[in-house]
Amino acid sequence: MKLKKKIHLFSTLLMFILLVLATVLIYFLFERMSHNTEYDQLLGRAKELTAELSKLETEVDAGMVLRAFIPANGAISIIDSSDKQLINVQSLAGLGKVDGHVNPGNSYTIDQFEGTEALSISMPIIWPTGEVVTMRMTQLLTDVEENMRVLKYVLIGVTTFAMIPITLSSMTLGRIVTQPIENLITAMNKSRQSGTYEKLTGVVNGNDELAQMERTFNEMMEQLEQNFLKQEQFVS
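Draft legend 1. Structural view of unusual backbone geometry. Located in the positive-phi region is Asp83, a residue other than glycine, with phi close to 65 degrees. Within the secondary structure, Asp83 sits in the loop between strand 1 (74-79) and strand 2 (85-90). Judged by relative accessible area, which is 62%, Asp83 ranks as exposed.

This is the structure:
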């Protein structure tokens, strides 16, 4: 593989990998932030509901209070100490059957409901009867999934369009690096075939390594030519 192709391939591949890694990182960070935002909102609603339930003296009106605080596309379950469901209110049929078990040390859990993520939180509360029960609140993350879908398309589009200038710049870089080398190879081949001391034309007056290489080659060829002429004069 020629040097130009190696520079083009490796620089483009490296930038592509970096872009993909950055895209994936942005996607999952945004997803985590979205889940945390939904959790904070759900937790605030749960605390308000707990405050309202603490005002009840009997559990007769508990169901009405739960329905007043049920999230849109959500469900609320009250579970006693024997893991028996006392009350379940839901805005979507079947949503109350989501497991929603939050492991110790976690703030919330994510389950799947009909192909959509559902975020659930649990917290102990005092039931109007004086019994300590667990309130489980679940929110379907429909809006979050839609936002994540849009973000995915945006990131894919940005990555695709970003690869266009990156590819062009890597091709330009390959030409900049290899053009002086190709000129040097051409001059050396001409010198070998014609027996003359060919020099590079159009040498750049720069301070980079490639310009120095071109000037050094011309100086070397000029010195060799002068030495050859001196030898011819000495022999004659």
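Draft legend 2. Expanded view of the nonpolar core. Leu49, Leu53, Leu66, Trp127 and Met135 are the most contacted members of the largest nonpolar core, which has 29 residues in total. The element contributing the most residues to this core is helix 1 (residues 3-53), with 5 residues. Those residues within four positions of Leu66 in sequence are excluded, and the remaining contacts are Leu49, Leu53, Ile76, Ile78, Ile87, Val89 and Trp127. Core analysis: the second largest hydrophobic core is formed by 6 residues, Ala75, Phe113, Ala118 and Leu140 among them.

Draft legend 3. How the structure looks around helix 2 (residues 62-69). Where helix 2 is concerned, the buried positions are Ala62, Gly63, Val65, Leu66 and Phe69. Down the axis of helix 2, the smallest arc covering the buried residues is 160 degrees, so these residues share one side. Residues of helix 2 that are exposed and point over 90 degrees away from its buried face: Met64, Arg67 and Ala68. Buried residues in helix 2 make contact with helix 1, strand 1 and strand 2.

Draft legend 4. Quick peek at the packing of helix 1 against helix 2. One way to put it is that helix 1 packs onto helix 2 with a least axis distance of 10 Å and a crossing angle of 155 degrees. Taken together, the axis directions place helix 1 and helix 2 in an arrangement best described as roughly antiparallel. The two elements helix 1 and helix 2 meet at a crossing, and its hand is right-handed. Here Arg45, Glu48, Leu49, Glu52 and Leu53 of helix 1 lie close against helix 2, whose contacting residues are Ala62, Val65, Leu66 and Phe69. Looking at the contact of helix 1 with helix 2 residue by residue, the class counts come to 6 nonpolar, no polar and 3 charged.

Each value, and the rule that gives it
- Residues numbered from 1 in each chain as written.
- Predicted model: local features only at pLDDT ≥ 70, side-chain atom pairs only at ≥ 80, totals over all residues.
- Heavy atoms only, no water.
- Helix = DSSP H or I, 4+ residues; strand = E, 2+ residues; numbered from the N terminus.
- Buried < 20%, exposed > 50% of the residue type's maximum accessible area, 1.4 Å probe, protein only.
- Core = buried A, V, L, I, M, F, W, Y, C linked by side-chain atoms within 4.5 Å.
- Contact = heavy atoms within 4.5 Å.
- Arc of directions from axis to C-beta.
- Axes fitted to C-alpha atoms, helices over the stretch in contact; angles between N-to-C directions.
- Parallel < 35°, antiparallel > 145°, perpendicular 65-115°, else oblique.
- Left-handed = near helix turned anticlockwise from the far one by under 90°.
- Nonpolar A, V, L, I, M, F, W, Y, C, P; charged D, E, K, R; others polar.

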